Structures are given as structure tokens and as C-alpha cells.
Amino acid sequence: MVLLGPPGAGKGTQAARVAEHLGVPAISTGDIFRANVAEGTELGTQAQGYIDRGEYVPDSVTNAMVADRISQEDCREGFLLDGYPRTQAQVAALDEMLASSGSRVDLVLEITAQEEAVVERLLRRASEQGRADDTEPVIRHRLKVYAEATAPLVDLYTRRGLLVSVDGMGDVEEVTQRILAALSRHDLVG
Ligand code: AMP
């Protein structure tokens, strides 16, 4: 399963909750990048400048990282991708990775949110967590990059009949319940 949505829509929070219900790992490319930056790995060094500027890390780097992660043992029964794919090239790369293991994307969940609400949430997160890319100019840039590079994936997955949209406004539990209701309509959870 794939989770789509603008920065600040609550993807990370909901990914953890939904993955637990599905009994699969939640894989956040942003978390993996940040862990690599913190550990000072080569991948972290490659990614840091892009992350700090609110740009996407190049597809080649991101795709290789995801291919490695989803080949691990805990992904055999499925997984939830949070923040990947974000470009059309990543969609194609994911299709290939899944096809080579005889699997496919079952469902793409889009979490929607209004721009001003997400900016406000992210500024609040900045004061709580101190993420380097949660400053207002970088937040605005990340929203622009999302609109240009990632929002088109909503149409792409709609055409494939895989997209389900859920309103991400409201409290965390309320949004989780909406998501689980949508998943049960699609037979992903009982
Ligand atoms: P996130 O935690 O999902 O907001 O991601 C934080 C940052 O990590 C993004 O602004 C990008 O710089 C980078 N990143 C995460 N996922 C991807 C991806 N699929 N493609 C390229 N860059 C990514």
C-alpha cells in the first residue's frame, strides 16, 4: 500500500497506525533519510542538502534505497510506503521492483489537507521537534514541489483504479477511523 499526501497532512502518524492494523511494516523514506543523515552515512551525506532545501533527493538514490529496504525479510507479506513514490520515475521504478517479486500495489491512499492547515501544523512541529526543513520558506517550497511533482500521481493512480482519498483534517483518531473504514470498503482490513 502507498500513502500519498502533502507534507503536514499526517502521513507519518497515520502510516504507523494503519501499518499496525494491517500487520505490515511502515516504511517512511523521509525517516530513513533522516536516520542516515543523523548517522553520517554516505547516503545521508548525499541526501542532506536536498532535504534541507526542501527538494527531492534524486530518484536514482531514492529508488535504490527503497529497493534495498523492501527486499528485507519483514516485507515479505506486504508493506506500507509512506512518502514513496513521489515522482513518475519512482512510480515506474516501484512497478518494476514489485513485478520482479511477483507483487503489485494493492491500494493508494491519499490523505488530503488544506494548505494553510498544513503550514500551521508543520510550524507547530518545528517548535516541538526542530526539524531543519520545517521553517516557513522551506515548508512553502516543499508544498510547491509536492504540487508539481507528486500531485500528478493522484491522477495516475486514479486511472489505475487504485486511489482512495480520505480527508486528513480533524483529530488523529478520527482520521485513522476514516482510513480504516475506507480500507475495509476495499477489503484490506476486516
Ligand atoms: P518526509 O519526511 O516524507 O516529509 O520527507 C522529508 C524529505 O526527505 C523530503 O522533503 C525529501 O527531501 C526527502 N524524501 C523523502 N521521500 C522522498 C522521495 N520519495 N523522493 C525524494 N525525496 C524524498
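First things first, this report covers the structure right here in the doc.

How each quantity is defined
Residues numbered from 1 in each chain as written. Predicted model: local features only at pLDDT ≥ 70, side-chain atom pairs only at ≥ 80, totals over all residues. Heavy atoms only, no water. Near = heavy atom within 4 Å. Polar contact = N/O pair within 3.5 Å; in protein donor to acceptor, adjacent residues only side chain to side chain. Areas by Shrake-Rupley, 256 points an atom, 1.4 Å probe, with all protein chains shown as cover. 1 Å grid on protein atoms, 1.4 Å probe; cavity = no way out; pocket = protein on both sides within 12 Å on 5 of 7 lines; lining within 4 Å. Sits in = over half its atoms within 2 Å of the grid points. Helix = DSSP H or I, 4+ residues; strand = E, 2+ residues; numbered from the N terminus. Nonpolar A, V, L, I, M, F, W, Y, C, P; charged D, E, K, R; others polar. Axes fitted to C-alpha atoms, helices over the stretch in contact; angles between N-to-C directions. Parallel < 35°, antiparallel > 145°, perpendicular 65-115°, else oblique. Contact = heavy atoms within 4.5 Å.

### A word on the site of the ligand
Then, in step 1: The immediate surroundings of the ligand are formed by 15 residues, with Thr 29, Glu 55, Gly 83, Arg 86 and Gln 90 found nearest.
Then, in step 2: A distance of 2.7 Å separates an oxygen atom of the ligand from a polar atom in the backbone of Glu 55.
Then, in step 3: Note that an oxygen atom of the ligand is positioned 3.4 Å from one of the side-chain N or O atoms of Arg 131.
Then, in step 4: In the complex, 95% of the free accessible area of the ligand, which totals 480 Å², lies under the protein chains.
Then, in step 5: When atoms are counted within 2 Å of each cavity's grid points, the one that captures over half of the ligand is the largest pocket.
Then, in step 6: If one sorts the elements of the shell around the ligand by residue count, helix H2 (residues 29–39) sits on top with four residues.
Then, in step 7: Of the residues belonging to the shell around the ligand, the class tally is five nonpolar, five polar and five charged.

### Considering the packing of H2 against helix H4 (residues 59–70)
Then, in step 1: One way to put it is that H2 packs onto H4 with a least axis distance of 11 Å and a crossing angle of 100°. Here H2 is positioned roughly perpendicular relative to H4, judged by the angle of their axes. Contact with H2, carried on its side by Thr 29, Ile 32 and Phe 33, involves Val 61, Thr 62, Met 65, Val 66 and Arg 69 of H4 and no other residues of that element.
Then, in step 2: Its residues assigned to classes, the contact of H2 with H4 comprises five nonpolar, two polar and one charged.

As far as function goes, none of this settles anything; it's purely spatial.
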